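# Chains, contacts and geometry: an overview
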Amino acid sequence: MPSLFDAVPPEVLENIAYYAVAASPLGPPAELLPLLLVSRRFHAALAAHTNPHLHARIFAVKFDTAALARRLGPAALTAPALAAELRRRCVQLRRLRARTDCFVGHAPLTEAGARALHEMLWTAYLMMLENDGRNERQLRAYARADRWLRDFWFDEDGASCAHLAVRDNAWPPNNDLSAVTMWLFWFLLRPEEYFALDDAASRNVISILKLLALGAHQYPVCRPAWADFVPDGARGAQPPAYGPYPALAPPPLAAPAVLAYLSLAPRAPSAPAPVPLLAPRAPAGASGEWDADWVRCVRLGGGAAAGAEVFRPGTMDGVWEGLFTYTEFTAYAALLSGAPPPTLHKSLVARHQQTWRLAEYHLLLPEDTMDAEDDARYAPLAPGDPLRAYLPPGLGVDHDRAREGIRVHAPGRAVDTFYARCPPRAQVTRAYAARVREVLVVGEGHSAWGQFALIGRVRPDDGFVTLSKEYLDGDRGKWLYRGYFVGDAQGNFTGRWRDTLSPAEVLGYEGCFFMGRRR
(Lines give C-alpha, C1' and ligand atoms only; values in the text may rest on other atoms or scores of the structure.)
Protein backbone atom coordinates (compact mmCIF):
# COMPACT_ATOMS: atom_id res chain seq x y z
CA MET A 1 0.00 0.00 0.00
CA PRO A 2 1.48 3.39 -0.97
CA SER A 3 2.55 5.64 1.88
CA LEU A 4 1.00 9.05 2.34
CA PHE A 5 4.48 10.43 1.93
CA ASP A 6 4.49 9.20 -1.65
CA ALA A 7 1.83 11.77 -2.49
CA VAL A 8 4.03 14.73 -1.50
CA PRO A 9 5.17 16.56 -4.67
CA PRO A 10 8.97 16.72 -5.20
CA GLU A 11 9.09 20.53 -5.02
CA VAL A 12 7.32 20.41 -1.64
CA LEU A 13 9.78 17.79 -0.40
CA GLU A 14 12.65 20.05 -1.46
CA ASN A 15 11.22 23.02 0.43
CA ILE A 16 10.61 20.92 3.54
CA ALA A 17 14.24 19.78 3.46
CA TYR A 18 15.56 23.26 2.75
CA TYR A 19 13.70 24.98 5.58
CA ALA A 20 14.57 22.19 8.01
CA VAL A 21 18.25 22.81 7.27
CA ALA A 22 17.92 26.60 7.15
CA ALA A 23 16.48 26.63 10.68
CA SER A 24 19.89 25.47 11.99
CA PRO A 25 22.48 26.89 9.59
CA LEU A 26 25.61 26.00 11.60
CA GLY A 27 27.55 22.93 10.60
CA PRO A 28 26.75 20.17 8.10
CA PRO A 29 23.08 19.72 7.10
CA ALA A 30 22.33 17.00 9.66
CA GLU A 31 18.58 17.64 9.36
CA LEU A 32 18.73 16.20 5.86
CA LEU A 33 19.74 12.69 6.95
CA PRO A 34 16.42 11.61 8.54
CA LEU A 35 14.56 12.73 5.43
CA LEU A 36 16.91 10.80 3.16
CA LEU A 37 16.18 7.64 5.18
CA VAL A 38 12.37 7.90 4.98
CA SER A 39 12.12 6.06 1.67
CA ARG A 40 13.79 5.50 -1.66
CA ARG A 41 11.55 8.13 -3.17
CA PHE A 42 12.65 10.70 -0.58
CA HIS A 43 16.28 9.74 -1.15
CA ALA A 44 15.91 10.09 -4.91
CA ALA A 45 14.26 13.48 -4.49
CA LEU A 46 16.77 14.92 -1.99
CA ALA A 47 20.17 13.34 -2.68
CA ALA A 48 22.96 15.55 -4.02
CA HIS A 49 23.49 13.57 -7.22
CA THR A 50 19.80 13.73 -8.17
CA ASN A 51 18.91 17.15 -6.78
CA PRO A 52 22.01 19.38 -6.78
CA HIS A 53 19.70 22.41 -6.83
CA LEU A 54 18.62 21.69 -3.23
CA HIS A 55 22.22 21.31 -2.07
CA ALA A 56 23.19 24.54 -3.83
CA ARG A 57 20.41 26.31 -1.90
CA ILE A 58 21.72 24.76 1.32
CA PHE A 59 25.25 25.95 0.48
CA ALA A 60 23.96 29.51 0.03
CA VAL A 61 22.26 29.51 3.43
CA LYS A 62 25.37 28.20 5.20
CA PHE A 63 28.21 29.94 3.36
CA ASP A 64 28.94 33.27 1.68
CA THR A 65 28.77 33.27 -2.11
CA ALA A 66 29.43 36.86 -3.27
CA ALA A 67 33.23 36.59 -3.35
CA LEU A 68 33.05 33.08 -4.80
CA ALA A 69 31.10 34.45 -7.78
CA ARG A 70 33.28 37.54 -8.10
CA ARG A 71 36.58 35.66 -8.12
CA LEU A 72 35.80 32.32 -9.79
CA GLY A 73 33.00 33.35 -12.14
CA PRO A 74 29.58 31.86 -12.94
CA ALA A 75 30.94 28.30 -13.31
CA ALA A 76 31.58 28.18 -9.56
CA LEU A 77 27.90 28.91 -8.82
CA THR A 78 26.27 26.16 -10.84
CA ALA A 79 24.15 23.78 -8.82
CA PRO A 80 26.48 20.76 -9.26
CA ALA A 81 29.54 22.89 -8.35
CA LEU A 82 27.94 24.25 -5.16
CA ALA A 83 26.63 20.81 -4.18
CA ALA A 84 30.14 19.36 -4.48
CA GLU A 85 31.65 22.30 -2.57
CA LEU A 86 29.04 21.90 0.20
CA ARG A 87 30.13 18.31 0.74
CA ARG A 88 33.84 19.21 0.63
CA ARG A 89 33.52 22.07 3.11
CA CYS A 90 31.45 20.03 5.55
CA VAL A 91 34.14 17.35 5.58
CA GLN A 92 36.82 19.96 6.34
CA LEU A 93 34.74 21.67 9.04
CA ARG A 94 34.21 18.32 10.78
CA ARG A 95 37.97 17.72 10.71
CA LEU A 96 38.64 21.11 12.29
CA ARG A 97 36.00 20.54 14.95
CA ALA A 98 37.60 17.20 15.82
CA ARG A 99 41.01 18.95 16.12
CA THR A 100 42.43 16.68 13.46
CA ASP A 101 46.22 17.03 13.05
CA CYS A 102 46.30 19.84 15.59
CA PHE A 103 48.97 18.12 17.69
CA VAL A 104 52.22 16.36 16.86
CA GLY A 105 51.51 12.69 16.23
CA HIS A 106 53.55 9.67 17.18
CA ALA A 107 54.27 9.03 13.51
CA PRO A 108 55.02 11.57 10.77
CA LEU A 109 52.22 12.50 8.42
CA THR A 110 51.95 10.48 5.25
CA GLU A 111 51.83 12.28 1.91
CA ALA A 112 48.05 11.79 1.82
CA GLY A 113 47.74 13.02 5.41
CA ALA A 114 49.78 16.14 4.67
CA ARG A 115 47.64 16.93 1.64
CA ALA A 116 44.47 16.47 3.73
CA LEU A 117 45.85 18.85 6.37
CA HIS A 118 46.72 21.47 3.76
CA GLU A 119 43.30 21.18 2.15
CA MET A 120 41.57 21.63 5.51
CA LEU A 121 43.53 24.78 6.33
CA TRP A 122 43.35 26.25 2.84
CA THR A 123 39.59 25.74 2.92
CA ALA A 124 39.38 27.71 6.17
CA TYR A 125 41.72 30.43 4.88
CA LEU A 126 39.74 30.90 1.66
CA MET A 127 36.50 30.99 3.64
CA MET A 128 37.89 33.95 5.58
CA LEU A 129 38.98 35.69 2.36
CA GLU A 130 35.37 35.22 1.17
CA ASN A 131 33.80 36.12 4.51
CA ASP A 132 30.64 38.21 4.55
CA GLY A 133 29.56 36.88 7.95
CA ARG A 134 28.37 33.32 7.37
CA ASN A 135 31.81 31.80 6.77
CA GLU A 136 33.28 33.14 9.99
CA ARG A 137 30.32 31.84 12.00
CA GLN A 138 30.88 28.37 10.59
CA LEU A 139 34.59 28.47 11.41
CA ARG A 140 34.23 29.97 14.86
CA ALA A 141 30.93 28.65 16.24
CA TYR A 142 30.84 25.21 14.63
CA ALA A 143 34.40 24.22 13.67
CA ARG A 144 36.05 26.05 16.62
CA ALA A 145 38.92 26.93 14.33
CA ASP A 146 40.23 29.54 16.76
CA ARG A 147 40.79 26.81 19.37
CA TRP A 148 42.45 24.58 16.78
CA LEU A 149 44.83 27.40 15.89
CA ARG A 150 45.66 28.20 19.50
CA ASP A 151 46.64 24.59 20.15
CA PHE A 152 48.46 24.27 16.82
CA TRP A 153 50.65 27.30 17.49
CA PHE A 154 51.05 27.50 21.25
CA ASP A 155 50.47 24.08 22.85
CA GLU A 156 53.66 22.33 23.85
CA ASP A 157 52.69 19.48 21.50
CA GLY A 158 51.24 21.76 18.80
CA ALA A 159 51.77 20.56 15.24
CA SER A 160 53.34 23.89 14.25
CA CYS A 161 56.37 22.61 16.20
CA ALA A 162 56.92 26.21 17.39
CA HIS A 163 57.07 25.24 21.06
CA LEU A 164 59.29 22.25 20.34
CA ALA A 165 61.64 24.41 18.25
CA VAL A 166 61.94 27.10 20.94
CA ARG A 167 62.65 24.43 23.55
CA ASP A 168 65.54 23.22 21.37
CA ASN A 169 66.91 26.74 20.76
CA ALA A 170 65.73 26.65 17.16
CA TRP A 171 63.46 28.91 15.13
CA PRO A 172 59.85 27.86 14.48
CA PRO A 173 59.37 26.46 10.96
CA ASN A 174 58.69 28.85 8.11
CA ASN A 175 56.69 27.16 5.36
CA ASP A 176 53.35 27.45 3.56
CA LEU A 177 51.55 25.68 6.41
CA SER A 178 52.97 28.20 8.91
CA ALA A 179 51.89 31.07 6.67
CA VAL A 180 48.32 29.87 6.15
CA THR A 181 47.80 29.16 9.85
CA MET A 182 49.27 32.49 10.97
CA TRP A 183 46.97 34.35 8.57
CA LEU A 184 44.03 32.36 9.96
CA PHE A 185 45.17 33.13 13.51
CA TRP A 186 45.10 36.85 12.72
CA PHE A 187 41.72 36.68 10.97
CA LEU A 188 40.11 34.93 13.94
CA LEU A 189 42.05 36.68 16.72
CA ARG A 190 40.06 38.16 19.60
CA PRO A 191 42.69 39.80 21.82
CA GLU A 192 40.46 39.79 24.92
CA GLU A 193 40.53 35.98 24.94
CA TYR A 194 44.33 36.02 25.16
CA PHE A 195 44.43 38.81 27.74
CA ALA A 196 42.43 36.46 30.01
CA LEU A 197 45.12 33.72 29.90
CA ASP A 198 47.26 33.08 32.97
CA ASP A 199 50.77 34.55 33.05
CA ALA A 200 52.56 31.40 31.92
CA ALA A 201 50.26 30.80 28.94
CA SER A 202 50.40 34.48 27.97
CA ARG A 203 54.22 34.52 28.06
CA ASN A 204 54.30 31.44 25.83
CA VAL A 205 52.03 33.06 23.23
CA ILE A 206 53.98 36.33 23.22
CA SER A 207 57.36 34.60 23.05
CA ILE A 208 56.42 32.70 19.89
CA LEU A 209 54.79 35.71 18.22
CA LYS A 210 57.82 37.82 19.11
CA LEU A 211 60.11 35.47 17.19
CA LEU A 212 57.86 35.47 14.13
CA ALA A 213 57.32 39.25 14.14
CA LEU A 214 60.85 40.42 14.95
CA GLY A 215 62.97 37.61 13.52
CA ALA A 216 63.25 39.31 10.12
CA HIS A 217 66.33 37.31 9.16
CA GLN A 218 64.27 34.11 9.46
CA TYR A 219 60.84 35.26 8.27
CA PRO A 220 61.00 37.52 5.17
CA VAL A 221 58.45 40.30 4.84
CA CYS A 222 57.55 39.52 1.23
CA ARG A 223 57.72 37.06 -1.59
CA PRO A 224 59.34 37.51 -4.16
CA ALA A 225 62.43 39.06 -2.53
CA TRP A 226 62.03 42.68 -1.46
CA ALA A 227 65.09 43.89 -3.38
CA ASP A 228 63.56 42.95 -6.74
CA PHE A 229 61.18 45.57 -8.12
CA VAL A 230 60.54 43.42 -11.18
CA PRO A 231 60.43 39.77 -10.01
CA ASP A 232 62.18 37.25 -12.23
CA GLY A 233 59.02 35.17 -12.62
CA ALA A 234 60.40 32.05 -10.91
CA ARG A 235 57.67 30.66 -8.64
CA GLY A 236 59.09 27.28 -7.63
CA ALA A 237 57.05 24.10 -7.67
CA GLN A 238 53.40 24.36 -8.71
CA PRO A 239 51.27 24.26 -5.54
CA PRO A 240 48.28 21.91 -5.38
CA ALA A 241 44.73 23.06 -6.08
CA TYR A 242 41.69 22.21 -3.96
CA GLY A 243 38.03 22.08 -4.92
CA PRO A 244 37.06 24.70 -7.51
CA TYR A 245 40.06 26.91 -6.74
CA PRO A 246 43.18 27.43 -8.86
CA ALA A 247 46.66 26.69 -7.54
CA LEU A 248 47.38 29.16 -4.73
CA ALA A 249 50.31 30.05 -2.49
CA PRO A 250 50.05 32.11 0.70
CA PRO A 251 51.71 35.47 1.34
CA PRO A 252 54.49 35.29 3.97
CA LEU A 253 53.54 35.02 7.63
CA ALA A 254 55.35 38.23 8.61
CA ALA A 255 52.40 40.64 8.20
CA PRO A 256 49.85 38.73 10.33
CA ALA A 257 52.55 37.84 12.87
CA VAL A 258 53.43 41.54 13.30
CA LEU A 259 49.76 42.51 13.68
CA ALA A 260 49.10 39.70 16.17
CA TYR A 261 52.23 40.51 18.17
CA LEU A 262 51.47 44.22 18.39
CA SER A 263 47.88 43.40 19.39
CA LEU A 264 48.89 41.14 22.27
CA ALA A 265 52.34 42.27 23.45
CA PRO A 266 52.27 43.91 26.89
CA ARG A 267 53.28 47.54 27.24
CA ALA A 268 55.32 49.18 29.95
CA PRO A 269 53.22 51.34 32.33
CA SER A 270 54.97 54.46 31.03
CA ALA A 271 54.38 53.60 27.38
CA PRO A 272 51.95 55.73 25.35
CA ALA A 273 48.38 54.60 24.96
CA PRO A 274 48.07 51.89 22.33
CA VAL A 275 47.09 52.87 18.81
CA PRO A 276 43.85 51.08 17.94
CA LEU A 277 44.52 48.21 15.54
CA LEU A 278 41.95 47.34 12.96
CA ALA A 279 39.75 44.44 13.98
CA PRO A 280 40.87 41.71 11.60
CA ARG A 281 37.30 40.77 10.74
CA ALA A 282 35.71 42.76 7.95
CA PRO A 283 32.16 43.97 8.58
CA ALA A 284 29.34 41.92 7.15
CA GLY A 285 29.01 42.39 3.42
CA ALA A 286 32.66 43.34 2.94
CA SER A 287 34.42 40.32 1.45
CA GLY A 288 35.80 42.86 -1.02
CA GLU A 289 38.11 43.85 1.84
CA TRP A 290 40.26 40.86 0.90
CA ASP A 291 40.16 40.97 -2.91
CA ALA A 292 43.79 42.12 -3.17
CA ASP A 293 44.92 39.36 -0.80
CA TRP A 294 43.14 36.84 -3.03
CA VAL A 295 44.93 38.20 -6.12
CA ARG A 296 48.24 37.97 -4.29
CA CYS A 297 47.62 34.26 -3.53
CA VAL A 298 46.71 33.58 -7.16
CA ARG A 299 49.84 35.27 -8.48
CA LEU A 300 52.09 33.56 -5.94
CA GLY A 301 50.58 30.29 -7.15
CA GLY A 302 51.63 31.10 -10.69
CA GLY A 303 48.22 32.14 -12.03
CA ALA A 304 46.51 35.31 -13.13
CA ALA A 305 43.37 36.93 -11.68
CA ALA A 306 41.67 38.66 -14.58
CA GLY A 307 40.13 42.05 -13.91
CA ALA A 308 41.32 42.17 -10.29
CA GLU A 309 43.66 44.61 -8.55
CA VAL A 310 46.50 43.65 -6.25
CA PHE A 311 46.68 47.27 -5.10
CA ARG A 312 43.66 49.54 -5.20
CA PRO A 313 44.55 53.10 -6.30
CA GLY A 314 44.07 55.55 -3.45
CA THR A 315 44.90 53.00 -0.76
CA MET A 316 47.85 54.88 0.74
CA ASP A 317 46.36 58.39 0.55
CA GLY A 318 45.46 60.09 3.83
CA VAL A 319 46.57 60.48 7.44
CA TRP A 320 47.96 57.42 9.23
CA GLU A 321 48.69 56.64 12.86
CA GLY A 322 50.68 53.73 14.18
CA LEU A 323 53.92 52.66 15.77
CA PHE A 324 57.30 51.12 15.10
CA THR A 325 59.40 48.89 17.33
CA TYR A 326 63.11 48.31 17.66
CA THR A 327 65.33 45.98 19.62
CA GLU A 328 68.77 46.50 21.12
CA PHE A 329 71.25 46.83 18.27
CA THR A 330 73.86 44.54 19.83
CA ALA A 331 71.27 41.81 20.36
CA TYR A 332 70.06 42.07 16.77
CA ALA A 333 73.63 41.99 15.46
CA ALA A 334 74.11 38.78 17.43
CA LEU A 335 71.02 37.30 15.77
CA LEU A 336 72.42 38.11 12.33
CA SER A 337 75.61 36.31 13.36
CA GLY A 338 73.68 33.14 14.20
CA ALA A 339 72.57 33.61 17.81
CA PRO A 340 69.63 31.38 18.83
CA PRO A 341 66.07 32.58 19.62
CA PRO A 342 66.68 33.18 23.39
CA THR A 343 68.78 36.20 22.35
CA LEU A 344 65.64 37.81 20.95
CA HIS A 345 63.51 36.63 23.87
CA LYS A 346 65.80 38.42 26.31
CA SER A 347 66.10 41.59 24.23
CA LEU A 348 64.06 44.62 25.20
CA VAL A 349 61.63 45.89 22.58
CA ALA A 350 60.93 49.63 22.45
CA ARG A 351 58.00 51.13 20.60
CA HIS A 352 57.32 54.64 19.38
CA GLN A 353 54.15 56.11 17.95
CA GLN A 354 54.26 57.99 14.68
CA THR A 355 51.91 59.87 12.36
CA TRP A 356 52.10 60.05 8.58
CA ARG A 357 50.39 62.29 6.05
CA LEU A 358 50.62 60.64 2.64
CA ALA A 359 49.60 61.72 -0.85
CA GLU A 360 49.30 59.18 -3.63
CA TYR A 361 50.15 60.11 -7.22
CA HIS A 362 49.35 58.15 -10.37
CA LEU A 363 50.98 57.93 -13.77
CA LEU A 364 47.85 57.80 -15.92
CA LEU A 365 47.49 56.54 -19.44
CA PRO A 366 45.25 58.72 -21.61
CA GLU A 367 41.73 57.47 -22.12
CA ASP A 368 42.69 56.52 -25.67
CA THR A 369 45.61 54.25 -24.82
CA MET A 370 46.51 53.76 -28.49
CA ASP A 371 48.11 57.20 -28.40
CA ALA A 372 50.44 56.24 -25.54
CA GLU A 373 52.14 53.07 -26.78
CA ASP A 374 55.40 54.77 -27.69
CA ASP A 375 55.04 58.03 -25.75
CA ALA A 376 57.85 58.54 -23.21
CA ARG A 377 55.56 60.71 -21.10
CA TYR A 378 53.65 57.60 -20.01
CA ALA A 379 56.62 55.30 -19.41
CA PRO A 380 57.07 54.19 -15.78
CA LEU A 381 60.32 54.97 -14.03
CA ALA A 382 63.13 52.46 -14.37
CA PRO A 383 63.76 50.32 -11.27
CA GLY A 384 66.16 52.11 -8.95
CA ASP A 385 68.02 51.46 -5.73
CA PRO A 386 65.92 49.20 -3.45
CA LEU A 387 67.36 51.03 -0.44
CA ARG A 388 65.86 54.23 -1.84
CA ALA A 389 62.41 52.69 -2.40
CA TYR A 390 63.33 51.59 -5.96
CA LEU A 391 63.61 55.24 -7.06
CA PRO A 392 66.28 56.06 -9.67
CA PRO A 393 69.26 58.06 -8.36
CA GLY A 394 69.04 61.81 -8.86
CA LEU A 395 65.26 61.76 -9.16
CA GLY A 396 63.64 65.20 -8.94
CA VAL A 397 60.07 65.75 -7.76
CA ASP A 398 58.31 69.12 -8.16
CA HIS A 399 54.73 69.87 -7.15
CA ASP A 400 52.51 71.13 -9.96
CA ARG A 401 49.69 72.80 -8.06
CA ALA A 402 48.00 74.09 -11.18
CA ARG A 403 47.43 70.55 -12.46
CA GLU A 404 47.15 68.97 -8.99
CA GLY A 405 50.02 66.55 -9.25
CA ILE A 406 53.80 66.23 -9.35
CA ARG A 407 56.35 66.44 -12.13
CA VAL A 408 59.05 63.80 -11.91
CA HIS A 409 62.40 64.21 -13.61
CA ALA A 410 64.70 61.20 -13.92
CA PRO A 411 68.26 61.71 -15.19
CA GLY A 412 68.62 60.42 -18.72
CA ARG A 413 64.97 60.96 -19.66
CA ALA A 414 64.20 63.59 -22.26
CA VAL A 415 60.85 64.63 -20.79
CA ASP A 416 59.40 65.02 -17.31
CA THR A 417 56.65 62.65 -16.25
CA PHE A 418 53.43 63.98 -14.74
CA TYR A 419 51.77 62.04 -11.92
CA ALA A 420 48.22 63.12 -11.06
CA ARG A 421 47.00 63.40 -7.49
CA CYS A 422 44.68 60.48 -6.86
CA PRO A 423 40.96 61.22 -6.48
CA PRO A 424 39.05 60.28 -3.31
CA ARG A 425 38.78 56.50 -2.90
CA ALA A 426 35.04 56.57 -3.50
CA GLN A 427 35.66 58.08 -6.94
CA VAL A 428 38.22 55.49 -8.07
CA THR A 429 36.35 53.51 -10.71
CA ARG A 430 37.47 50.40 -12.55
CA ALA A 431 37.98 52.51 -15.67
CA TYR A 432 40.25 54.89 -13.74
CA ALA A 433 42.19 52.05 -12.11
CA ALA A 434 42.82 50.49 -15.53
CA ARG A 435 44.61 53.70 -16.59
CA VAL A 436 47.00 53.72 -13.59
CA ARG A 437 50.40 52.65 -14.84
CA GLU A 438 52.45 53.46 -11.75
CA VAL A 439 51.92 54.64 -8.17
CA LEU A 440 54.23 56.98 -6.24
CA VAL A 441 53.67 58.00 -2.63
CA VAL A 442 54.96 61.28 -1.17
CA GLY A 443 54.42 62.54 2.35
CA GLU A 444 55.69 63.64 5.72
CA GLY A 445 55.37 62.63 9.33
CA HIS A 446 56.59 62.91 12.88
CA SER A 447 57.46 60.75 15.86
CA ALA A 448 59.28 61.21 19.15
CA TRP A 449 62.49 61.20 17.10
CA GLY A 450 61.46 64.25 15.06
CA GLN A 451 59.98 65.16 11.69
CA PHE A 452 60.69 63.24 8.51
CA ALA A 453 59.93 63.10 4.82
CA LEU A 454 58.52 60.04 3.05
CA ILE A 455 58.67 58.99 -0.57
CA GLY A 456 58.12 55.60 -2.14
CA ARG A 457 56.77 53.34 -4.79
CA VAL A 458 54.34 50.43 -5.16
CA ARG A 459 55.58 47.21 -6.78
CA PRO A 460 52.99 46.43 -9.45
CA ASP A 461 53.37 42.65 -9.39
CA ASP A 462 52.09 42.15 -5.82
CA GLY A 463 51.23 45.57 -4.33
CA PHE A 464 54.34 45.57 -2.11
CA VAL A 465 54.84 49.13 -0.79
CA THR A 466 58.29 50.55 -0.05
CA LEU A 467 58.79 53.99 1.54
CA SER A 468 62.02 55.83 2.21
CA LYS A 469 61.88 57.70 5.54
CA GLU A 470 64.42 60.51 6.03
CA TYR A 471 64.55 62.61 9.21
CA LEU A 472 64.83 66.31 8.51
CA ASP A 473 67.36 67.11 11.23
CA GLY A 474 69.87 64.73 9.66
CA ASP A 475 70.89 63.04 12.90
CA ARG A 476 68.43 60.14 12.74
CA GLY A 477 69.38 59.03 9.24
CA LYS A 478 67.37 57.24 6.56
CA TRP A 479 65.22 54.16 7.03
CA LEU A 480 63.28 51.93 4.67
CA TYR A 481 59.68 50.85 5.39
CA ARG A 482 58.48 47.81 3.45
CA GLY A 483 55.19 45.98 3.71
CA TYR A 484 51.76 45.10 2.43
CA PHE A 485 48.42 46.71 2.88
CA VAL A 486 46.35 44.07 4.69
CA GLY A 487 42.68 44.54 3.86
CA ASP A 488 41.14 47.51 2.10
CA ALA A 489 38.89 50.22 3.56
CA GLN A 490 39.39 48.77 7.04
CA GLY A 491 42.99 47.75 6.40
CA ASN A 492 46.43 48.25 7.89
CA PHE A 493 49.79 48.96 6.32
CA THR A 494 52.17 46.64 8.11
CA GLY A 495 55.58 45.10 7.67
CA ARG A 496 59.17 45.82 8.60
CA TRP A 497 61.59 48.74 8.48
CA ARG A 498 65.34 48.28 7.98
CA ASP A 499 68.49 50.37 7.95
CA THR A 500 69.81 51.75 4.67
CA LEU A 501 73.53 51.49 5.49
CA SER A 502 73.70 47.72 5.00
CA PRO A 503 73.77 46.69 1.32
CA ALA A 504 70.46 45.43 -0.03
CA GLU A 505 71.87 41.95 -0.68
CA VAL A 506 72.79 41.36 2.98
CA LEU A 507 70.65 41.16 6.09
CA GLY A 508 70.30 44.45 7.93
CA TYR A 509 69.04 45.88 11.20
CA GLU A 510 65.23 45.56 11.18
CA GLY A 511 62.13 46.10 13.28
CA CYS A 512 58.39 45.94 12.68
CA PHE A 513 55.70 48.57 12.24
CA PHE A 514 51.98 49.05 11.84
CA MET A 515 50.04 52.02 10.44
CA GLY A 516 46.28 52.43 10.34
CA ARG A 517 44.09 55.18 8.88
CA ARG A 518 43.15 57.94 11.28
CA ARG A 519 39.47 57.52 12.11
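To be clear, the structure that these remarks concern was listed above.
Residues numbered from 1 in each chain as written. Predicted model: local features only at pLDDT ≥ 70, side-chain atom pairs only at ≥ 80, totals over all residues. Heavy atoms only, no water.

## Notes on the pattern of salt bridges
Side-chain pairs of opposite charge can arise where the charged atoms are in close proximity. Operational definition: Salt bridges, as used here, are contacts in which a Lys or Arg side-chain nitrogen is within 4 Å of a carboxyl oxygen on Asp or Glu. Only DSSP runs of H or I covering at least 4 residues are called helices, and only runs of E covering at least 2 are called strands; the numbering of each starts at the N terminus. For the exposure calls, accessible area comes from a 1.4 Å probe over protein chains only, and a residue counts as buried if that area is under 20% of its type's maximum, exposed if over 50%, partly exposed in between.
Evaluated as defined, the whole model comprises 23 salt bridges. When the shortest N-O distance is used, the salt bridge between R70 and D291 registers 3.1 Å. Of this pair, R70 sits in helix α5 (residues 66-72) while D291 sits in helix α15 (residues 291-300); the two residues are 221 residues apart in sequence, bridging distant segments of the chain. Residue D291 is classed as partly exposed on the basis of its relative accessible area, which comes to 22%. D291 is the partner of R71 in a salt bridge, and the nearest nitrogen-oxygen pair spans 2.8 Å. Placement of R71 in helix α5 and of D291 in helix α15 is noted, with a sequence separation of 220 residues between them. For R71, a relative accessible area of 15% translates into the label buried. One network of salt bridges, with partners in common, ties together E85, R88, R89, E119 and E130.

## So, the environment of R94
Definition in use: Any pair of residues with heavy atoms lying within 4.5 Å of one another is described as a contacting pair.
Mapped onto the elements, R94 comes out in helix α6 (residues 79-97). Taking relative accessible area as the criterion, R94 reaches 45% and is therefore assigned partly exposed. Residues R94 and V104 lie 10 residues apart in sequence; the distance between their C-alpha atoms is 19 Å. Beyond its immediate chain neighbours, meaning those up to four positions away, R94 contacts P28 and Y142.

## Here's the deal with α15
In an α-helix, one turn spans 3.6 residues, which is why side chains three or four residues apart end up on the same side. The element α15 is largely enclosed, with a buried count of 8 among its 10 residues. Among the residues making up α15, those that are buried are A292, D293, W294, V295, R296, C297, V298 and L300. Two residues or fewer after α15 comes G302, characterised by a positive phi angle close to 95°.

## Quick notes on the pairing of strand β7 (residues 450-459)
Short version of the rule: For two strands to pair, DSSP has to find at least two bridges joining them.
With 7 of its 10 residues buried, β7 lies for the most part within the structure. Of the strand pairs in this sheet, strand β6 (residues 436-447) and β7 are connected by 8 bridges, and their pairing is antiparallel. Along β7, the bridge assignment pairs V441 with G456. Where β6 folds back onto β7 in an antiparallel hairpin, the turn is made up of 2 residues. Direction of pairing for β7 relative to strand β8 (residues 464-471): antiparallel, over a ladder of 8 bridges. In the sheet register, L454 faces β8, and the bridge partner there is K469. Taken together, β7 and the strand that follows it, β8, pair antiparallel across an intervening segment of 4 residues, in which G463 is found at a positive phi of about 75°.

Geometry only, nothing functional implied.
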